[in-house]
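# Breakdown of the fold
Spelled out from the first residue to the last, the chains are:
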Amino acid sequence: MMEESDTYHIRPNHRFKFKPAVVKGYIRNIVRERLSDVQYEPETVAELTRSLAESVKDKVKTAEFDRYKIVVQVLIGEQRGQGVKMSARCLWDADTDNYAEDVFMNDSLFCVVTVFGSYYY
């Protein structure tokens, strides 16, 4: 009788690899649905940011990116014609890890959502 050996995944299966284009579509749909008619209010923006991040994370998890850690970053600011620059640094494997982002603006606010997908080895 042969015993089954353990299998170790060094790379993700192509079907379950993090796909930035798919995730960007999720982000775009959720953000436009939730923020289209919203006005910037400093008192409620913190809860709106948390809620939006949870919604995006929940939707991305339905895509079943097997063995990926999903990190969602949401920034909402008041639209006053100013410029904003953002950057992020990550130590990751360029073959397996990736990110998707989308920017939304209306007359009152701007929103930047970034989703990072980092593969668990």
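These numbers come from a predicted model, not from an experiment.

The side chains of a regular strand alternate, residue by residue, between the two faces of the sheet. With ten of eleven residues buried, strand S3 (residues 109-119) is to be regarded as a mostly interior element. Relative to S3, strand S1 (residues 68-78) runs antiparallel, the two being bridged by eleven bridges. Across the sheet, Tyr68 pairs through a bridge with Tyr119, a residue of S3. Strand direction decides the pairing type here: strand S2 (residues 98-105) and S3, joined by eight bridges, are antiparallel. Looking at the pairing, Val103 lines up with Val112 of S3. The turn linking S2 back onto S3 is made up of three residues.

This part covers the nonpolar core. Nonpolar side chains in soluble globular proteins tend to be buried together. Ranked by size, the top nonpolar core spans 25 residues in total, and within it Val113 and Val115 carry the most contacts. When residues of this core are traced back to their parent elements, those giving at least two are helix H1 (20-35), helix H2 (45-61), S1, S2 and S3. Among the elements that line this core, the one with the most residues is H2, at six residues. The residues contacting Val115, other than those within four sequence positions of it, are Phe18, Val23, Ile27, Val56, Val60, Ile70, Val71, Val72, Asn98, Tyr99 and Ala100.

According to the stated counting rule, one finds five salt bridges in the structure shown. Between Asp102 and Arg32 there is a salt bridge, with the nearest N and O atoms lying 3.2 Å from each other. Placement of Asp102 in strand S2 and of Arg32 in helix H1 is noted, with a sequence separation of 70 residues between them. A residue is classified by how much of its surface remains accessible, and Asp102, at 5% relative accessible area, is buried.

What counts, and where the lines are drawn
- Position labels on residues start from 1 in each chain and follow its written sequence.
- The predicted nature of this model means local features are confined to residues of pLDDT at least 70 and side-chain atom pairs, given and counted, to a pLDDT of 80 or more, with totals for whole chains, interfaces and linings taken over all residues.
- Values shown for side chains rest on all heavy atoms present in the structure; no hydrogens or waters enter the calculation.
- Buried, partly exposed and exposed residues are distinguished by accessible area as a fraction of the type maximum, computed with a 1.4 Å probe on protein chains only: under 20%, between the cut-offs, and over 50%, respectively.
- The secondary structure listing takes helices from DSSP runs of H or I that are at least 4 residues long and strands from runs of E that are at least 2 residues long, numbered from the N terminus.
- Criterion used throughout: strands pair if DSSP finds at least two bridges between them.
- The term nonpolar core refers to a set of buried residues drawn from Ala, Val, Leu, Ile, Met, Phe, Trp, Tyr and Cys, joined through side-chain atoms within 4.5 Å.
- By the convention used here, residues are in contact when the closest approach between their heavy atoms is within 4.5 Å.
- Salt bridges are counted wherever a side-chain nitrogen of Lys or Arg sits within 4 Å of a carboxyl oxygen of Asp or Glu.

All we've got here are geometric facts, nothing functional implied.
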